[in-house]
Amino acid sequence: MRLRLEPGMEIDGFTLHEHLSTGGMAQIWSVEREGDPTPPAPRAEPEARVSEPKGHGSEKWPRFPAQSKAPLEKGSIGLSPKVESTFGSEALVMKFPMLIDSDDPIPIVCFETEQMIMPRLSGRHVPRFVAAGPLDPQAYIVMERIQGQSLKARLSDVPLPWREVVEIGAKVARALHDLHLQKVIHLDVKPSNIMFRETGEAVLIDFGFARHEQLPDLLAEEFREPFGTTPYMAPEQVLEDRADPRSDLFALGVMLYFFVTGERPFGTPKGGQIRRRLWRDPVPPRAKNPDCPSWLQEIILRCLEVDPNDRYATAAQLALDLENPDQVKLTERAERLERDSGMKTFRRWLKARKARTLEAPNIVGQLSRAPIILVAIDLSPGNADLVEAQRGLIGRILSMEKEARVACVNVLKLSRLAVDVLEDEEGRSLHVQRLVQLKHWGATLDIPKERITYSVLEATDPAAALIDYARHNNVDHIVLGARASSALRRYLGSVSSQVVAEAPCSVTVVRTPRDRRQDEG
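Treat the numbers as computed from the prediction; the structure is a model and nothing was measured.

Even after reading the chapter, I still don't get the pairing of strand S11 (residues 194–197), so can you show me in this structure?
Looking along a regular strand, one sees side chains alternate from face to face of the sheet. Along S11, one buried face is formed by Ile 194 and Phe 196 and the opposite face, lined by Met 195 and Arg 197, is buried too. Pairing analysis gives 3 bridges linking S11 to strand S12 (residues 202–204), with the strands arranged antiparallel. Paired with Ile 194 across the bridge in S12 is Leu 204. Linking two consecutive strands that pair antiparallel, namely S11 and S12, is a turn of 4 residues; a positive phi of about 105° is found at Gly 200 within it.

Quick look at the structure:
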């Protein structure tokens, strides 16, 4: 049964107010629910902080405007309405599936998928789920109406300045990492499925093609065909593999390529043409837009690798590179100006013929195999034994975590009141000296250079700086050293104790045998 929807109609306590859009496989209405208290606004996440690489000027990075002026945006399952005003006590929208063609079951299966997944999602990177209705008499989903900018609004402006592309990419990568942590692969990442809150965070919408690791995959169970938006589909999706979170990183790579060059890397293929991405690489971005930095081309082409194992292991690692371009390890990808040779393409074609899909998703397993480990290193005189103990522990961790990313961090403590001295007696920068020492510390670790970074933070509160770094960069594990206890440390509180108490992840505190003996004595 399908209801005839009209303004003023009440459905399960929600009153339809205005028909906002119809398209794709759904229609969207604004709704009111009287007496629904407005929830407290969650704390906004910090803005993406992208380091300006040397030699690229000092222009300010562009920011998204606070209010959307874009028209309605078409998504895979429905439309994302522009923001003009709110209704009732909270801005809500109600989404209905389009069942125009009764012979096509895909819209209702996609809607059922979204109804299963959305109640299990939370956080700033997804719309807040409110309610859902059964198929009879009328299926629907009620959700938060995002008060912010739609990314598809920028398509008429491509190519965009590369700095803005980097900022967009970092925000979307953080949103994807948050989604993957919730055991969901989106599988339809594209501009029309990404919005931005007024506070700047990226919001992922339309979960009709998504897959939850612990829920039935209705699309895979009922159909034998690939699902997604063809310009953005990863090679494994073409093979009907819906089990790898790195498929979302491929789609993000397509977006970054499009925003930098003004063209999609694989065009808009139809039918059997979509299989060409299994063996044919795109024209390098710098060949189409010379203003694209080599390090950004390195990131984009790594995202677009045919084999998921050659891409970034996690979205968090991708975000870390986008925000630290001076630490991106450049390979031959960075300088590439033309497609691969015919022989290399032929070898990929042969490999594609033997490709097999994954039997089941293992999203959490993929993320756990590629953790980001923050090593907080105290380079003060007299800490050589403690620093060496940390190196030994990190070496043991890396022997087990083959895809781990290591972030070596030192905090240059600033004074709250006095004028800070940031040079030594010979006029050399303390910051630079610390950075050199960090790189010397990490030189002996058995880890590829592209998976280790070095940062010197300047802060009045070392513990708070480390906690902020860990939270902003989705760090999975902090390793820091701690000296023997003393009366002053017990009175003021040590850095390690504060980090252990407030860190958003696991923390390992390293002690040396000498310090342990002092505590026991």
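What is the right way to look at the sheet that holds strand S14 (residues 372–376) in this model?
Note: strands within a sheet are paired through backbone hydrogen bonds, in either parallel or antiparallel orientation. With parallel pairing, the 5 strands of this open sheet are ordered in space as S16-S15-S14-S17-S18. Lying at the two open borders of the sheet, with one neighbouring strand each, are strand S16 (452–459) and strand S18 (506–510). Strand-to-strand twist of the sheet, defined as the mean angle between neighbouring strand axes without regard to direction, takes the value 20°. Pairing geometry for S14 and strand S17 (residues 477–481), over 4 bridges, is parallel. The partner of Ala 376 across the bridge, within S17, is Leu 480.

For this particular structure, what's the right way to read the environment of Ile 194?
Mapped onto the elements of the fold, Ile 194 is located in strand S11. Considered as a pair, Ile 194 and Val 172 are 22 residues apart in the sequence and their alpha carbons are 8.0 Å apart. Residue contacts for Ile 194: discarding those within four places in its chain leaves Ser 150, Leu 151, Val 172, Val 189, Ala 202, Val 203, Leu 204, Ile 205 and Met 255.

Please clarify how unusual backbone geometry should be interpreted in this entry.
Leave glycine aside and you will find that most residues have negative phi; peptide bonds, for their part, are mostly trans. Note that the residue after Val 158, namely Pro 159, is joined by a cis bond; omega there is -5°. With respect to the secondary-structure elements, Pro 159 resides in the loop between strand S9 (148–150) and helix H2 (162–181). The residue Asp 12 is not glycine, and still its phi comes out positive at about 50°. With respect to the helices and strands, the residue Asp 12 is situated in the loop between strand S1 (10–11) and strand S2 (14–23). Residue Asp 206 is not a glycine yet carries a positive backbone phi of 65°. Looking at the secondary structure, you find Asp 206 in the loop between S12 and strand S13 (211–212).

Please clarify how the nonpolar core should be interpreted in this entry.
Generally speaking, soluble globular proteins have nonpolar side chains that are buried together. Within the largest apolar cluster, 60 residues are counted, with the highest numbers of intra-cluster contacts made by Ile 194, Leu 296 and Leu 318. Mapped onto this core, the elements with two or more residues apiece are helix H1 (106–117), strand S8 (140–144), H2, S11, S12, helix H5 (246–261), helix H7 (294–303) and helix H8 (315–323). If one sorts the elements of this core by residue count, H5 sits on top with 11 residues. In terms of domain composition, this core takes at least three residues from each of domain 1 (1–35 + 88–145) and domain 2 (151–366). What Leu 318 contacts, discounting residues up to four positions off in sequence, is Ala 173, Leu 249, Leu 252, Ile 299, Cys 303 and Tyr 312. Core analysis: the next-biggest nonpolar cluster, separate from the first, contains 23 residues, Leu 379, Ile 397, Trp 441 and Val 510 among them.

Help me out: how do you make sense of the packing of aromatic side chains in this one?
The geometry of an aromatic ring pair is captured by the separation of the ring centres together with the interplanar angle, meaning the angle of the planes. Scanning all chains against the criterion turns up 5 aromatic pairs. Between Phe 209 and Phe 227, the aromatic rings sit 5.8 Å apart at their centres with planes inclined by 40°, giving tilted as the arrangement. Of this pair, Phe 209 sits in the loop between S12 and S13 while Phe 227 is found in the loop between helix H3 (218–222) and helix H4 (235–238), placing the two residues 18 residues apart along the sequence. Overall, the relative accessible area of 6% leaves Phe 227 in the buried class. Taking 6.2 Å as the distance between ring centres and 15° as the angle between the ring planes, the aromatic pair formed by Phe 258 and Phe 259 counts as stacked. The same class applies to Phe 258 and to Phe 259, which are both buried. Counting every residue linked through ring pairs, the aromatic cluster contains Phe 209, Phe 223 and Phe 227. Just above the ring of Phe 258 sits the side chain of Arg 264; from NZ or CZ to the centre is 4.4 Å. It is Arg 302 that lies over the ring of Tyr 312; its NZ or CZ is 4.0 Å from the centre.

Cut-offs applied
Residues numbered from 1 in each chain as written. Predicted model: local features only at pLDDT ≥ 70, side-chain atom pairs only at ≥ 80, totals over all residues. Heavy atoms only, no water. Buried < 20%, exposed > 50% of the residue type's maximum accessible area, 1.4 Å probe, protein only. Helix = DSSP H or I, 4+ residues; strand = E, 2+ residues; numbered from the N terminus. Pairing = 2+ DSSP bridges. Axes fitted to C-alpha atoms, helices over the stretch in contact; angles between N-to-C directions. Contact = heavy atoms within 4.5 Å. Core = buried A, V, L, I, M, F, W, Y, C linked by side-chain atoms within 4.5 Å. Domains from an automatic or database assignment. Phe/Tyr/Trp six-rings, centres within 6.5 Å; stacked < 30°, edge-to-face > 60°. Lys NZ or Arg CZ within 6 Å of the ring centre and 35° of its normal.

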